[in-house]
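# Structural description and commentary
Next come the chains, spelled out residue by residue.
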Amino acid sequence: MDLQNREKFLTKLAECMGRPLQTIPEPMPKLVNDHAITRLTNRSQAQLCQEFIDFARVMMTDVVEAKESGLPTAIINICEKYGGGNIIVNNDERLKALGITDTLKAKYEHCYQWDFNSGDENLLKAKQANIGIVYGEYGLTESGSVVLFSSKDYGRSVSLLPEKSVVILRKSTVLPRVAQLAKILHDKAQLGERMPSCVNIISGPSATADIELIKVVGVHGPVHKIYLVIDDL
């Protein structure tokens, strides 16, 4: 459609709606409140974390709390509870520093570490894995969600394809809601920092209630979601 015909088309639409043609959008109305930004921000970090955990459990997420020194034992207990077997873990320096990667490799013969050089083998291993283990960037109190950033070493498939998904998360990184996450990403962009290739916000195990509002779990992703929350407050 050329510019002349576009103007005629838009003018005709405006006439049908009983108003003149508008080419400049009207200003946004003044907000009634600022709840989108300020909701839950009056909580202490400890209160945010407790509400985050409580809501995550409502969303059918298994939450395990542990001190940093107890993480190797906690991750093995979680894996044993959910059947062990094939494990896939992201190539994340934070998981290595916490002793989780080495603990899993020592315990499980079939523990695979994501390798961006391996291409399709990564996807195959993720499909075959019973448990996928990743490190969460942030938690969101309002929805009990975890935020995952993707990169060459943080494969999305590790948290999406295995039947069980474990996310390691620090209490100190729990945010009130998505508005604070958006501010963090905006600030990173303003500083010219490298942005994640994908940002996933995940709330509990895969589920849908599209048919007659009956909730069905495990439709298009993990059947079980587990948060291993590090008590670092």
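Presented here is a report on the structure given in the accompanying data block. (Residues numbered from 1 in each chain as written. Predicted model: local features only at pLDDT ≥ 70, side-chain atom pairs only at ≥ 80, totals over all residues. Heavy atoms only, no water.)

### Some remarks on the overall build of the protein chain
This is how it is decided: Put simply, DSSP marks the helices as runs of H or I at least four residues long and the strands as runs of E at least two long, and each gets a number from the N terminus on. Radius of gyration means the value over C-alpha atoms here, while the globule rule gives 2.2 Å times the residue count to the 0.38 power. Two residues form a contact once any of their heavy atoms are found within 4.5 Å. The protein chains shown are the only cover counted for residues, whose accessible areas, like all others here, come from Shrake-Rupley with a 1.4 Å probe. Positive charge is attributed to Lys and Arg, negative charge to Asp and Glu, and no charge count is given to His or to the chain ends. One atom stands in for each charge, and that atom is NZ of Lys, CZ of Arg, CG of Asp or CD of Glu.
The helix and strand inventory of the protein chain stands at 9 helices and 12 strands. Its C-alpha radius of gyration of 22 Å places the protein chain more than 25% over the 17 Å reference for a compact globule of 233 residues. The principal-axis extents of the C-alpha atoms in the protein chain amount to approximately 70 × 45 × 45 Å. Contacts spanning at least 24 positions in sequence make up 75% of the contacts within the protein chain whose residues lie at least 6 apart. Surface exposure of the protein chain reaches about 13500 Å², of which carbon and sulfur atoms provide 55%. If you average the places of the 27 positive and of the 28 negative side-chain charges in the protein chain, the two averages end up 2 Å apart.

### With respect to unusual backbone geometry
The backbone phi angle of Leu40 is positive, close to 75 degrees, even though this residue is not glycine. Locating Leu40 in the fold gives a position in the loop between α2 (35–38) and α3 (45–58). Notably, Met60 is not glycine yet its phi reads approximately 70 degrees, a positive angle. Inspection of the secondary structure assignment puts Met60 in the loop between α3 and β1 (61–66).

### What to know about the state of the cysteines
Heads up, the condition is: Cysteine sulfur atoms are paired as a disulfide whenever they fall within 2.5 Å.
By the definition in use, this model includes 0 disulfides. With no disulfide partner, Cys79 has as its closest neighbouring cysteine sulfur the one in Cys111, 8.2 Å distant.

### Comments concerning α3
Put simply, the test is: To estimate the expected span of a helix, count its residues, drop one, and scale the result by 1.5 Å. We call a residue buried when its accessible area falls under 20% of the maximum for its residue type, exposed when it is over 50%, and partly exposed in between, using a 1.4 Å probe and counting protein chains only. The arc in question is the one spanned by the directions pointing from the helix axis to the C-beta atoms.
If you check α3, its first and last C-alpha atoms are 20 Å apart, about what 14 residues at 1.5 Å a residue would give, namely 20 Å. All of the buried residues in α3 are Leu48, Cys49, Phe52, Ile53 and Ala56. Each buried residue of α3 lies within a common arc of 130 degrees when the element is viewed along its axis, so the set occupies one face. Buried residues in α3 make contact with β1, β5 (138–140), β6 (145–150), β7 (164–170), β8 (174–175) and β12 (224–230).

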